[in-house]
Amino acid sequence: MRHVVLVGLMGSGKSTVGRRLARALGRDFIDTDARVEASTGRSIRDIFAEDGENGFRDRESEALESALHTKVSSVIATGGGVVLRDTNRRLLDDHSVIWLRARPELLVDRVAGATRRGAGHRPLLDGDPLAKLTLMATERRAMYAEISDVIIDVDALAIEQIVRTCVDAVKELER
Ligand code: S3P
């Protein structure tokens, strides 16, 4: 089964766009971060604190694999770091992968609120979110590029425009 998978840095809109894209395509929506929290009964922040980043990445890989095994074609929003593991990138080879690409300066406003309070599901951004997002953008750029079938530059687009661009891209990819 071929799925539509959204990748990109934290705050790029994967979950919001993914939910609306799924509705527009009449497909199910899956969020791998939500799956990790549901399957462990713990928040992502607690998993990072108790099991470390590697512990979280193990759970994330399991959630990705189980999402990709879904029997009906779905829209899957991933966590921003899903591309870090080579095994995850290989799993995505057979799916329609869309990269929501955004500049860190734009992302920081969206993610800063909860992060500044030391809350929310993005503990990797605690401290200096702009510096950390900038570093992640550099480290991950080639990995997102490697697995993406389509790249959408989202900086200047409203959510509805991003969704529409995704719908067109999926139609083209599935032709
Ligand atoms: C992460 C992104 C987060 C979450 C975790 C790690 C990352 O998901 O999986 O905090 O390494 O980029 P979002 O991209 O949905 O914010």
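With respect to the site of the ligand
With respect to spatial proximity, 13 residues lie near the ligand, and among them Lys14, Arg57, His121, Arg122 and Arg140 are the closest. Within the contact set of the ligand, an oxygen atom lies 2.6 Å away from a side-chain nitrogen or oxygen of lysine 14. Backbone polar atom of glycine 80 to an oxygen atom of the ligand: 2.8 Å apart, as the coordinates give it. Taken by itself the ligand offers 390 Å² of open surface, and the protein chains cover 98% of this. Judged by its atoms lying within 2 Å of the grid points, the ligand is housed in the largest pocket. Broken down by class, the residue content of the shell around the ligand amounts to four nonpolar, four polar and five charged.

Let's talk about the pattern of salt bridges
Inspection of the entire model under this criterion finds 17 salt bridges. When the shortest N-O distance is used, the salt bridge between arginine 89 and aspartate 86 registers 3.4 Å. Pair noted here: arginine 89 and aspartate 86 are both in helix 4 (residues 86-91), with a separation of three residues, about one helical turn. The partly exposed category is assigned to aspartate 86, whose relative accessible area is 42%.

Some points on the packing of helix 1 (residues 14-25) against helix 7 (residues 159-173)
With their axes 9 Å apart at the nearest point, helix 1 and helix 7 run at an angle of 55° to one another. Relative to helix 7, the element helix 1 is oriented oblique. Crossing of helix 1 over helix 7 shows right-handed handedness. Across the interface between the two elements, Thr16, Val17, Arg20, Leu21, Ala24 and Leu25 of helix 1 pack against Ile159, Glu160, Ile162, Val163, Cys166, Val167 and Val170 of helix 7. The residue makeup of the contact of helix 1 with helix 7, split by class, is 10 nonpolar, one polar and two charged.

Considering the sheet that holds strand 4 (residues 96-101)
Taken in spatial order, the five strands of this open sheet run 2-3-1-4-5, and their pairing is parallel. Edge positions in the open sheet fall to strand 2 (28-31) and strand 5 (150-153), since each of these has one partner strand only. When the angles between neighbouring strand axes are averaged without regard to direction, this sheet yields 20°. Pairing geometry for strand 1 (residues 4-7) and strand 4, over four bridges, is parallel. From the neighbouring strand, valine 5 faces strand 4, where its bridge partner is valine 97. Those strands touched by helix 2 (residues 32-40) are strand 2 and strand 3 (74-77), and its axis lies near 70° from that of strand 2.

Looking at the nonpolar core
Judged by nonpolar contacts, the single largest core of 41 residues is most densely connected at Val7, Ile98, Leu100 and Cys166. Considering every element that reaches this core, the biggest residue donor is helix 7, with six residues. Beyond its immediate chain neighbours, meaning those up to four positions away, cysteine 166 contacts Val17, Leu21, Ile98, Leu100 and Ile152. Ile44, Phe48, Phe56 and Ala63 belong to the second-largest nonpolar core, a separate cluster that totals six residues.

Points about the pairing of strand 1
With burial as the criterion, each face of strand 1 is covered, one bearing Val4 and Leu6 and the other bearing Val5 and Val7. Alignment of strand 1 against strand 3, held across three bridges, turns out to be parallel. Within strand 3, the position partnered with valine 5 by the bridge is isoleucine 76.

About the cut-offs
Residues numbered from 1 in each chain as written. Predicted model: local features only at pLDDT ≥ 70, side-chain atom pairs only at ≥ 80, totals over all residues. Heavy atoms only, no water. Near = heavy atom within 4 Å. Polar contact = N/O pair within 3.5 Å; in protein donor to acceptor, adjacent residues only side chain to side chain. Areas by Shrake-Rupley, 256 points an atom, 1.4 Å probe, with all protein chains shown as cover. 1 Å grid on protein atoms, 1.4 Å probe; cavity = no way out; pocket = protein on both sides within 12 Å on 5 of 7 lines; lining within 4 Å. Sits in = over half its atoms within 2 Å of the grid points. Nonpolar A, V, L, I, M, F, W, Y, C, P; charged D, E, K, R; others polar. Salt bridge = Lys/Arg side-chain N within 4 Å of Asp/Glu carboxyl O. Helix = DSSP H or I, 4+ residues; strand = E, 2+ residues; numbered from the N terminus. Buried < 20%, exposed > 50% of the residue type's maximum accessible area, 1.4 Å probe, protein only. Axes fitted to C-alpha atoms, helices over the stretch in contact; angles between N-to-C directions. Parallel < 35°, antiparallel > 145°, perpendicular 65-115°, else oblique. Left-handed = near helix turned anticlockwise from the far one by under 90°. Contact = heavy atoms within 4.5 Å. Pairing = 2+ DSSP bridges. Core = buried A, V, L, I, M, F, W, Y, C linked by side-chain atoms within 4.5 Å.

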